[in-house]
Amino acid sequence: MSSKIIISENRPCFCNSGKKFKVCHGAGTSEEVLDTYKLNFLLRDVYGKCIHHFSKKYDLKEYIEHYKIFNHVPEDDKNDHTYSFRFIEFLLFRAKEKGTGNFLFDEVLKSTIFTPTESLFLKELKKHSHFGIFQVKELDVDKKFVKIEHIFEKESYSFYDKEAISILKKGGLIYGRVFEVFERVGILPTFNFKGPELSLIHISEPTRRTPI
């Protein structure tokens, strides 16, 4: 499998600006950052197909309730979590099909909704990813470079991201799913503790990262 990811730069930008990607986030970026956003598009396409499949086949209300309990969401929460990345990940990696005991991940992977690249991506995401808390060790604003370290396992991960520089602070903590897919290291942030003071910031639209 080639590590090259092909996307159309004429598609709408993932930031919902209404502009084409090539004149929005794709404009004036390095190859490393551009590669990050290609992975971003791939993940959004795959997750979009997953939730469309699940919503047609299952009543998601019960799954949402289980998701809220699992993630300690307050009972009075009024947000619609249906299309959030966290809920889709819950369906893929935690939820089971009622009456069968099979994980929804296995069920959706057997469907015909994915391209070969998307299927391989989803398999790799499950096989080579885990949740954790990471500390920001290095930031380079000019190169858009970030290096993080798992606070318990002390493993380091490096990536480029145009948006992360404005969100993260050196010494701060970030919680999320780290993955290694198509020879790239990335992180889907769930919560960002912006600085050493540990002020909690919720990131509603996670971004993807690639390695050095």
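Summarised in this report is the structure supplied together with it. Given the structure is predicted, the values throughout are model-derived calculations rather than measurements. For every chain, the first residue of the written sequence is number 1, and numbering continues from 1 onward in sequence order. Restriction of local features to residues with pLDDT of at least 70 applies here, the model being predicted, together with a cutoff of 80 or more for giving and counting side-chain atom pairs; totals for whole chains, interfaces and linings are based on all residues. Derived side-chain values reflect all non-hydrogen atoms in the structure, with water molecules and hydrogen atoms excluded from consideration.

### A closer look at the overall build of the chain
Strands here are runs of E lasting at least two residues and helices are runs of H or I lasting at least four, both read from the DSSP assignment and numbered beginning at the N terminus. Assigned secondary structure in the chain consists of six helices and six strands. Per-residue accessibility, obtained with a 1.4 Å probe over protein chains only, is compared with the maximum for each type, and a residue is labelled buried under 20%, exposed over 50%, and partly exposed between these values. Here the chain holds 212 residues, and the buried ones make up 46% of them. Residue pairs at least 24 apart in sequence account for 55% of intrachain contacts in the chain once pairs closer than 6 positions are excluded. The method behind every accessible area is Shrake-Rupley, applied with a 1.4 Å probe, and residues are considered shielded solely by the protein chains displayed. Looking at the chain as shown, the accessible area adds up to about 11400 Å², and 52% of this sits on carbon and sulfur atoms. Working rule for contacts: check all heavy atoms of both residues, and any pair within 4.5 Å makes them a contact.

### Concerning the packing of aromatic side chains
The criterion for an aromatic pair is that two Phe, Tyr or Trp rings (for Trp, the six-membered ring) have centres within 6.5 Å, with stacked assigned to planes under 30 degrees apart, edge-to-face to planes over 60 apart and tilted to the rest. Applying the stated criterion across every chain, the model contains 10 aromatic pairs. Centre to centre, the rings of Y67 and F90 are 5.7 Å apart; their planes meet at 70°, and the pair counts as edge-to-face. Of the two residues, Y67 sits in helix α2 (residues 60-70) while F90 sits in helix α3 (residues 85-93), which places them 23 residues apart along the sequence. For the pair Y67 and F90, a shared accessibility class is recorded, and that class is buried. Clustering of aromatic rings is evident, with ring pairs tying together Y67, F70, F87 and F90.

### Remarks on the pairing of strand β1 (residues 129-140)
Strands are treated as partners if at least two bridges between them are detected by DSSP. Alignment of β1 against strand β4 (residues 173-181), held across seven bridges, turns out to be antiparallel. Bridging across to β4, Q135 finds its partner in L173. Hairpin connection between β1 and strand β2 (residues 145-150): a loop of four residues separates the two successive antiparallel strands, and K144 in this loop has a positive phi of roughly 60°.

### Points about α3
Counted residue by residue, α3 has eight buried out of nine residues, so it is predominantly covered. Along α3, the residues classified as buried are F85, F87, I88, E89, F90, L91, L92 and F93.

### As for unusual backbone geometry
A positive phi angle, near 55°, is found at H72, a position not held by glycine. Relative to the assigned elements, H72 resides in the loop between α2 and α3.

### Remarks on the pattern of salt bridges
Each reported salt bridge corresponds to a side-chain nitrogen of Lys or Arg within 4 Å of a carboxyl oxygen of Asp or Glu. Scanning the entire structure with this criterion turns up seven salt bridges. One salt bridge connects K126 with D106, and the closest N-O pair in it is separated by 3.8 Å. Note that K126 is positioned in helix α5 (residues 116-127) and D106 in helix α4 (residues 104-109), a separation of 20 residues in sequence. E138 is paired through a salt bridge with K147; the nearest N and O atoms lie 4.0 Å apart. Residue E138 is classed as partly exposed on the basis of its relative accessible area, which comes to 36%. Taking relative accessible area as the criterion, K147 reaches 25% and is therefore assigned partly exposed.

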